[in-house]
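# Geometric and topological summary
Each chain, written out:
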Amino acid sequence: MNTRLDHLVIAADTLEQGVAWCEAVLGLVPGPGGRHALFGTHNRLLKIATPVFEDAYLEIIAIDPQAPAPARPRWFGLDDPALRERLRVSGPRLVHVVARSPQLDMHRWGLIQVGLQPGEPVKAGRDTPQGPLAWEILVRPDGALPCGGALPTLIQWQGRHPAQAMPASGVTLQALTLRGVPARAATVLRLRGVEMREAADGPALQARLATPRGEVTLSSAP
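This is a predicted model, so every value here is computed, not measured.

Generally speaking, soluble globular proteins have nonpolar side chains that are buried together. Among the nonpolar cores identified, the biggest contains 44 residues, and L8, L26, L58 and L178 are the most heavily contacted of them. Sort the elements by how many residues they give to this core and helix α4 (residues 183-189) lands first, with four residues. Look past the residues within four positions of L58 in its chain and what remains in contact with it is L8, I10, L26, R44, L45, L46, I48, L209 and L218. Of all hydrophobic cores here, the second largest spans 24 residues; its members include F39, V122, I137 and A163.

The pairing of strands in a sheet happens through backbone hydrogen bonds and is either parallel or antiparallel. Pairing in this open sheet of four strands is mixed, and the strands run β10-β9-β11-β12 from one edge to the other. The open sheet has two free edges, formed respectively by β10 (195-197) and β12 (214-219), since each of these has just one partner strand. Averaged over all pairs of adjacent strands, the angle between their axes in this sheet comes to 15 degrees, without regard to strand direction. Note that strand β11 (residues 205-211) and β12 share six bridges and pair antiparallel. Across the sheet, Q206 pairs through a bridge with S219, a residue of β12.

Attention now moves to the side chain of H107. Take H107: it is sitting in helix α3 (residues 104-113). A relative accessible area of 1% means that H107 is categorised as buried. Not counting residues up to four positions away in its chain, the partners in contact with H107 are M1, N2, T3, S101, P102, L154, V188 and L189.

Attention now goes to helix α1 (residues 15-25). Every buried residue belonging to α1 is among L15, G18, V19, W21 and C22, and all of these are buried. Mapping the buried residues of α1 onto a view down its axis gives an arc of 160 degrees, with all of them on the same face. Exposed residues on α1 whose side chains face more than 90 degrees from its buried face are E16 and A24. Here the buried face of α1 lies against β1 (4-11), β3 (41-47), β4 (57-63) and β12. Immediately downstream of α1, the backbone of G27 shows phi near 90 degrees, a positive value.

Scoring rules and cut-offs
- Residues numbered from 1 in each chain as written.
- Predicted model: local features only at pLDDT ≥ 70, side-chain atom pairs only at ≥ 80, totals over all residues.
- Heavy atoms only, no water.
- Core = buried A, V, L, I, M, F, W, Y, C linked by side-chain atoms within 4.5 Å.
- Buried < 20%, exposed > 50% of the residue type's maximum accessible area, 1.4 Å probe, protein only.
- Helix = DSSP H or I, 4+ residues; strand = E, 2+ residues; numbered from the N terminus.
- Contact = heavy atoms within 4.5 Å.
- Pairing = 2+ DSSP bridges.
- Axes fitted to C-alpha atoms, helices over the stretch in contact; angles between N-to-C directions.
- Arc of directions from axis to C-beta.

Right, here's the structure in full:
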């Protein structure tokens, strides 16, 4: 059973920094997002869907300075001191991808069977003007991202998907390459439309986008 790309994760030192990056690099201001009380983060969102990457979007995420510190490490490695310093000095960066699963428990068990630790299922949600969003997502207790961030985090939405309420942005995802993912894990995920390489022969994540500023390639590499 295939998984599908759900969204790209762009980490930023502050959400304001992330919005400015999006305008400078992609040529437009991202749409609204929300707050994640469980993890002390907030985001802005941008639809990047195509027929291959149906309902895909880009998430700009940062630690919410108005939120209390969460009881557990934040998702997407946002508590990692090296990443936080890198974002502060060098600006926002593609750090991860999230894949949508129709059978979260099955895919989680499949990854465990091939020697990976994709995390424990966590129920989360937030309110939107269109109504509440709810999902279940795999998050490791240490917040770490396996395979240099190239192994997708798995999510299963409960009901409505957020991209359904997002207007077309003028930015579309043309290609996505993930490097350093074991072949057996790639077989478990069967991630539609994504090139997954076992060899770490380049940046762990590389996304090519069509934007109002022309073609833009985002990379996890410095």
